[in-house]
Amino acid sequence: MGRRPIHRPTRRNPVAAESPARPDPEVLTAFEAAKGFMPVHEGLALYTAAVEAAALGLPLLEVGTYCGRSTILLAAAARAAGVTALTVDHHRGSEEQQPGWEYHDPSVVDPEIGLMDTLPTFRRTLHRAGLEEHVVALVGRSPQVAAVWGGELGLVFIDGGHTDEHATGDYEGWAPKVADGGLLVIHDVFPDPADGGQAPYRVHQRALASGAFTEISVTDSLRVLRRTGPGARLRGHG
C-alpha cells in the first residue's frame, strides 16, 4: 500500500539481480489481479527477498495487509519453504485511504457501519490464490500485535501507515524481531520529498544508522536490508 506518484527506472543491487526468484505463473497472475498498489517489478523483488528469508525456517511477516496483494507473494514463498506468512493490519485503512483522500476505495467500506473493512476482500484474495492455509492474519494495530509476539522472524516487510507515528511504531515493534541474517524490507522509501512521503525514508535511514542492518537491494521504492549486527534489538533503541 502507499503512494507511488512518480515511476522511475528500476534499480537493483547487481548481486541481487543475478538470480532473482520468480513466482509460479498462477501466483503472479493472482498478484496482478488483486486489489492493491504495489507494481509488479517491486513485487518480484519482494518475492525474491521472501524466498531467501524463508530458507531460515522462520515465519515471514508483513505490516500492512490491505487487500492481500503482497501477501500472495509472501504466502507463495512461505508455502515453498514450509513456513508461515503472517500479516498484520487493523483493516480500517491507512490515512490516505479514508474518505476524501486520494486512495479511498468505496468498494471496501462496510455499508452497515460506514467504516473501511478490507478483511473480507483480503480473505477472498487468498482464497482465489489458493493460499489461505499458508497465512495467519493478525487483525489489530501493529504496535499491540508486536508487543505480544515473542518469536524471531525471517523477514519483516514494513508497508503500513505512512505517518511518522505509524512508520516508527512499525519499525520499533518489529525490527527487533528480525533474526540474524534475516531481512527487513521497507516499501515506499522516497529520498526526494517530491516523490512521496518521508516517514518510510526516515525509518530506512534509522535502520541503517542502527548498525543492525545492511542494504542489499534497491528496486525503486522497495529497500531490502539484512540483519548483520546486534543493534535495534530493544524497543525504542537502535
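Since the model is a prediction, treat every value here as computed from it, not as a measurement.

Draft legend 1. Just the environment of H90, in detail. For H90, the position within the fold is in the loop between β2 (85-89) and α5 (119-129). Given the relative accessible area of 25%, H90 is considered partly exposed. Sequence separation of H90 and T65 is 25 residues, and the distance between their C-alpha atoms is 8.7 Å. Excluding residues that lie within four positions of it along the chain, H90 makes contacts with V139, G140 and R141. A distance of 3.0 Å separates a polar side-chain atom of H90 from the backbone nitrogen of R92. At 3.3 Å, the side chain of H90 forms a polar contact with the side chain of R141.

Draft legend 2. Here's a closer look at the packing of helix α2 (residues 25-33) against helix α3 (residues 40-54). At a closest axis distance of 11 Å, the pairing of α2 and α3 adopts a crossing angle of 130°. In terms of orientation, α2 lies oblique with respect to α3. As for how α2 packs across α3, the hand of that crossing is right-handed. Listed contacts from α3 to L28, F31 and E32 of α2 are V40, G43 and L44.

Draft legend 3. Region of interest: α5. All of the buried residues in α5 are T121, F122, T125 and L126. In a view along the axis of α5, the buried residues occupy a sector of 135°, so they form one face of it. Exposed side chains of α5 directed beyond 90 degrees from the buried face belong to R123, H127 and R128. A positive phi of about 70° marks G130, the residue just after α5.

Draft legend 4. Main features of empty space enclosed by the protein. Enumeration according to the criterion identifies two cavities of 30 Å³ or more in this entry. Here the second largest cavity is characterised by a volume of approximately 50 Å³. Lining the second largest cavity are I158, D159, G160, G161, H162, A167, D170, I186, H187 and P200. Its residues assigned to classes, the lining of the second largest cavity comprises four nonpolar, four polar and two charged.

Draft legend 5. Molecular detail of the sheet that holds strand β5 (residues 178-186). Overall, mixed pairing links the seven strands, which are arranged β3-β2-β1-β4-β5-β7-β6 in an open sheet. Pairing within the sheet leaves two strands with one partner each, and these edge strands are β3 (135-139) and β6 (213-219). Within the sheet, the average angular offset between the axes of one strand and its neighbour, ignoring direction, is 20°. As defined by bridge partners, β2 adjoins β3 across five bridges and the pair is classed as parallel. Opposite A85, over in β3, you have V135 as the bridge partner. Together, β1 (60-63), β2, β3 and β4 (153-158) form the strand contacts of helix α4 (residues 69-81), whose direction differs from that of β1 by roughly 175°. Packing against the sheet, helix α7 (residues 164-174) makes contact with β1, β2, β4, β5 and β6, and its axis sits at approximately 175° to β4.

The rules behind each value
- Residues numbered from 1 in each chain as written.
- Predicted model: local features only at pLDDT ≥ 70, side-chain atom pairs only at ≥ 80, totals over all residues.
- Heavy atoms only, no water.
- Helix = DSSP H or I, 4+ residues; strand = E, 2+ residues; numbered from the N terminus.
- Buried < 20%, exposed > 50% of the residue type's maximum accessible area, 1.4 Å probe, protein only.
- Contact = heavy atoms within 4.5 Å.
- Polar contact = N/O pair within 3.5 Å; in protein donor to acceptor, adjacent residues only side chain to side chain.
- Axes fitted to C-alpha atoms, helices over the stretch in contact; angles between N-to-C directions.
- Parallel < 35°, antiparallel > 145°, perpendicular 65-115°, else oblique.
- Left-handed = near helix turned anticlockwise from the far one by under 90°.
- Arc of directions from axis to C-beta.
- 1 Å grid on protein atoms, 1.4 Å probe; cavity = no way out; pocket = protein on both sides within 12 Å on 5 of 7 lines; lining within 4 Å.
- Points joined across faces, edges and corners; volume = space filled by probe spheres on them.
- Nonpolar A, V, L, I, M, F, W, Y, C, P; charged D, E, K, R; others polar.
- Pairing = 2+ DSSP bridges.

Spatial relationships are all this shows, so hold off on functional conclusions.
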